[in-house]
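Inside the fold
Listed below are the residues making up each chain.
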Amino acid sequence: MAATRSAALKIDWANLGHKLGLKGSTAQALASFKKRNDDARRKVQLLSDQPQKIDFAHYRSVLKNSAVIDDIEKQFSAFQPKKYDVHRQLKAIDAFEAQALKSAEATKGKVDAELQDLEKTLKNIETARPFEDLTVDEVVAARPDIDERVTQLVSKGRWQVPGYKEKFGDLSVL
């Protein structure tokens, strides 16, 4: 138990989610687990600080009816705290940990894939030629749908792009 306590105290809970890149339900589950851990630790600390010995002799000397004190002492000495099997809770914690690890691995995989895609996009942006330097053939090679749309407009006898005058104005008055 002491090793578990020292390990739990060494965890940097404030930065754990950030360091692991946890988001969404995984981060919420971790925060909820930390809260339950802190509450349980606080309760254990409060209970361990309470006095555990009762001075029945003092109560016999203060109270006139010692039969009541004898009865209470007999019940107190006969009292046995109920033992709980925490195996089920430990299994639930292990299952939660396994799910959290699986979710963290899935999140890490998604983040790594997105990061690679963003690095590829950034490299593409950095090495791209300016738009003014591109030829019509290069634009058509990159976006074949533009060529199809232009062919469709020309076949219908439309020589102007819809919305061009609204955006750039009419140059025919010049």
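Residues numbered from 1 in each chain as written. Predicted model: local features only at pLDDT ≥ 70, side-chain atom pairs only at ≥ 80, totals over all residues. Heavy atoms only, no water.

The protein chain has the name ATP synthase subunit d, mitochondrial in an unreviewed UniProt entry, where Friedmanniomyces simplex is given as its organism. The protein chain has a UniProt comment under Sequence similarities (unreviewed entry) that states "Belongs to the ATPase d subunit family." (UniProt positions renumbered as here; feature names shortened; annotations may be inferred.)

Right, let's talk about the pattern of salt bridges for a bit. Using the criterion set out here, one finds nine salt bridges in the structure. For Asp39, the salt bridge identified is with Lys35, shortest N-O distance 3.2 Å. Here Lys35 and Asp39 lie together in helix α3 (residues 24-49), a separation of four residues that amounts to about one turn. Overall, Lys35 belongs to the exposed group, its relative accessible area being 53%. Two residues, Arg60 and Asp70, come together in a salt bridge whose shortest N-O distance is 2.9 Å. (Salt bridge = Lys/Arg side-chain N within 4 Å of Asp/Glu carboxyl O. Helix = DSSP H or I, 4+ residues; strand = E, 2+ residues; numbered from the N terminus. Buried < 20%, exposed > 50% of the residue type's maximum accessible area, 1.4 Å probe, protein only.)

With that out of the way, let us pick up the packing of helix α2 (residues 13-20) against α3. Helix-helix packing is characterised by the crossing angle of the two axes and by the distance between the axes. One can describe the packing of α2 onto α3 by two numbers: an axis separation of 11 Å at closest approach and a directional angle of 160 degrees. Regarding the angle of α2 to α3, the classification is roughly antiparallel. When you trace α2 past α3, the crossing you get is right-handed. Contacts between α2 and α3 pair Trp13, Leu16 and Gly17 from the former with Leu30, Phe33, Lys34 and Asn37 from the latter. Taken together, the residues of the contact of α2 with α3 break down into four nonpolar, two polar and one charged. (Axes fitted to C-alpha atoms, helices over the stretch in contact; angles between N-to-C directions. Parallel < 35°, antiparallel > 145°, perpendicular 65-115°, else oblique. Left-handed = near helix turned anticlockwise from the far one by under 90°. Contact = heavy atoms within 4.5 Å. Nonpolar A, V, L, I, M, F, W, Y, C, P; charged D, E, K, R; others polar.)

Next up on the list: the packing of α3 against helix α6 (residues 87-127). Orientation of α3 relative to α6, taken along the N-to-C sense of each, is 150 degrees, at an axis distance of 10 Å. Viewed along their axes, α3 and α6 form a crossing whose handedness is left-handed. When α3 is examined against α6, the residues Thr26, Ala29, Leu30 and Phe33 are found in contact with a partner set consisting of Phe96, Ala100 and Ser103. Grouping the amino acids of the contact of α3 with α6 by side-chain chemistry returns five nonpolar, two polar and no charged.

This part takes up the UniProt feature "coiled-coil region" (unreviewed entry) in the protein chain. In the numbering adopted here, UniProt assigns the feature "coiled-coil region" (unreviewed entry) to residues 101-128. For residues 101-128, helix accounts for 96% and strand for 0%, while the C-alpha atoms at its two ends are 40 Å apart.

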